[in-house]
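# Overview (structure and organization)
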Amino acid sequence: MTKWPELAREIADTVLFPVADSVDADGEIPSSHFDALAADGFYGIAALGEGGPSSEELVDVLETLCGGCLATTFTWMQHHGVVGALAASSNMSLREQYWDGLVSGTIRGGVAYAGAIPRPPLLWAKRVNDGYVLDGIAPFVTGWGIVDVLLVSARDEFDNSIVHSVVPVGEAPGLTIEELPLIAARGSNTVRIVFDAFDIPDTDVCAVVSDEQFQSTQLPGLWLNGAMAMGITRRAVTELADLGVDADAFEEQVARARADLDAALRNGGDMSAARARASELAVRASAALVTATGSRALVGSNTAERLMREATFTLVAAGRPEIKTALVERLSGY
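- As named in an unreviewed UniProt entry, the chain is Acyl-CoA dehydrogenase family protein, taken from Rhodococcus baikonurensis.
- UniProt, in its Cofactor (unreviewed entry) section for the chain, records the words "FAD".
- Quoted verbatim from the Sequence similarities (unreviewed entry) field of UniProt, the annotation for the chain is "Belongs to the acyl-CoA dehydrogenase family."

### Side note on the pattern of salt bridges
- Scanning the model with the defined rule gives 19 salt bridges in all.
- Among the salt bridges present, the one from Arg258 reaches Glu63, with a minimum N-O distance of 2.5 Å. Note that Arg258 is positioned in helix α9 (residues 248–266) and Glu63 in helix α4 (residues 55–68), a separation of 195 residues in sequence. For the pair shown, Arg258 and Glu63 are each scored as buried.
- The salt bridge involving Glu305 is made with Arg309; its shortest N-O contact spans 2.9 Å. Of this pair, Glu305 and Arg309 both sit in helix α11 (residues 303–314), four residues apart, roughly one helical turn.
- Salt bridges sharing partners connect three or more residues here, namely Arg9, Asp60, Glu63, Arg234, Arg258 and Asp262.

### Quick look at unusual backbone geometry
- Cis geometry is adopted by the peptide bond preceding Pro120, which originates at Arg119 and carries an omega value of -5 degrees.
- Inspection of the secondary structure assignment puts Pro120 in the loop between β1 (109–112) and β2 (123–128).
- In this structure, Ala197 is a non-glycine residue whose phi angle is positive, near 55 degrees.
- Considering the arrangement of structural elements, one finds Ala197 in strand β7 (residues 191–201).
- Despite not being glycine, Ala318 has its phi angle at roughly 55 degrees, a positive value.

### As for the packing of aromatic side chains
- Inspection of every chain in the model, using the stated rule, returns five aromatic pairs.
- In textbook terms, an aromatic cluster arises when at least three aromatic residues are bridged by ring pairs, as seen for Trp4, Phe42 and Trp76.
- Here the guanidinium or amino end of Arg95 rests over the ring plane of Trp99, the centre of that ring lying 4.3 Å away.
- The ring of Phe17 carries the charged tip of Arg235 above its face, separated from the ring centre by 3.8 Å.

### Comments concerning the UniProt feature "coiled-coil region" (unreviewed entry) in the chain
- Under the UniProt annotation, the feature "coiled-coil region" (unreviewed entry) is placed at residues 240–267.
- For residues 240–267, the end-to-end C-alpha separation is 33 Å, with 79% helix and 0% strand making up the annotated structure.

### Considering the UniProt feature "domain: Acyl-CoA dehydrogenase/oxidase C-terminal" (unreviewed entry) in the chain
- Under the UniProt annotation, the feature "domain: Acyl-CoA dehydrogenase/oxidase C-terminal" (unreviewed entry) is placed at residues 239–330.
- As annotated, residues 239–330 comprises 74% helix and 0% strand, and the C-alpha atoms at either end are separated by 25 Å.

### Notes on the side chain of Arg155
- One can find Arg155 in strand β4 (residues 149–156).
- Polar contacts involving the side chain of Arg155 include one to the side chain of Asn160, which spans 3.1 Å.

Rules used throughout
Residues numbered from 1 in each chain as written. Predicted model: local features only at pLDDT ≥ 70, side-chain atom pairs only at ≥ 80, totals over all residues. Heavy atoms only, no water. UniProt positions renumbered as here; feature names shortened; annotations may be inferred. Salt bridge = Lys/Arg side-chain N within 4 Å of Asp/Glu carboxyl O. Helix = DSSP H or I, 4+ residues; strand = E, 2+ residues; numbered from the N terminus. Buried < 20%, exposed > 50% of the residue type's maximum accessible area, 1.4 Å probe, protein only. Phe/Tyr/Trp six-rings, centres within 6.5 Å; stacked < 30°, edge-to-face > 60°. Lys NZ or Arg CZ within 6 Å of the ring centre and 35° of its normal. Polar contact = N/O pair within 3.5 Å; in protein donor to acceptor, adjacent residues only side chain to side chain.

So, in structure tokens, the structure goes:
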């Protein structure tokens, strides 16, 4: 039986974290990071179903890897959206085209959900005879130049359904790419994509789902993305302890924040409040580490200042308006 959390800790401690500061400074993730994840089967986790990690193991894996190198893990996390979409797709030829490579990690995937989520959406799909035409913006797409395929989601302009398609990554007519200079995780190669009459043939359409079906998939994603903040907090707490700081109070807060996230998923609790609490905790723990580190934290390319920027990153990345509102209220002391 695969011990996924132990494998994740081995990769985080021996491959990711030792060079995380230099990856952040250089803005480039070594391909060996992704190779290590593929070699231990981490690209195929979403395809394992009941044979894969439990929910508790999964968040342990994500938090551990995020605490090792956020840029690497943030990029790798997107892959599982493609795997999950193809696992549920009735387009068997599309699935057969990519499935084995996606599961093994020889084909690496990313996602472009954010154009379909806002109201009104930023990315529209128009039905034509043999597929769809996309117009609009995917504002936040991670892994450009790293991944091989993208799961692109757009909202049908006529019936409000969501069109999911899997398309190869690269220069193509109707695409304009703008690199985003992120404050953290720069090596993730996150870009803004403008679609201008971009053709999607029916052969590349993974699924067309109702808005209700699309919304029902959002809660688990919000829960999983909370692992970014939790992983940064866990790393900050570890670093504090290594400096000789009593971090027991933070350890207790980590346990409560994780319990809140899990309860929001399982019991219909307030996921926005739980996500806000997790990101606020990441900011406070990282601020404590900067303070304990002292003046060295004011010089670039060190763990304390990197974690501080990464914690700030989680205030917005993979968020929603409700999370933003909850965060502002918490940070305002309401």
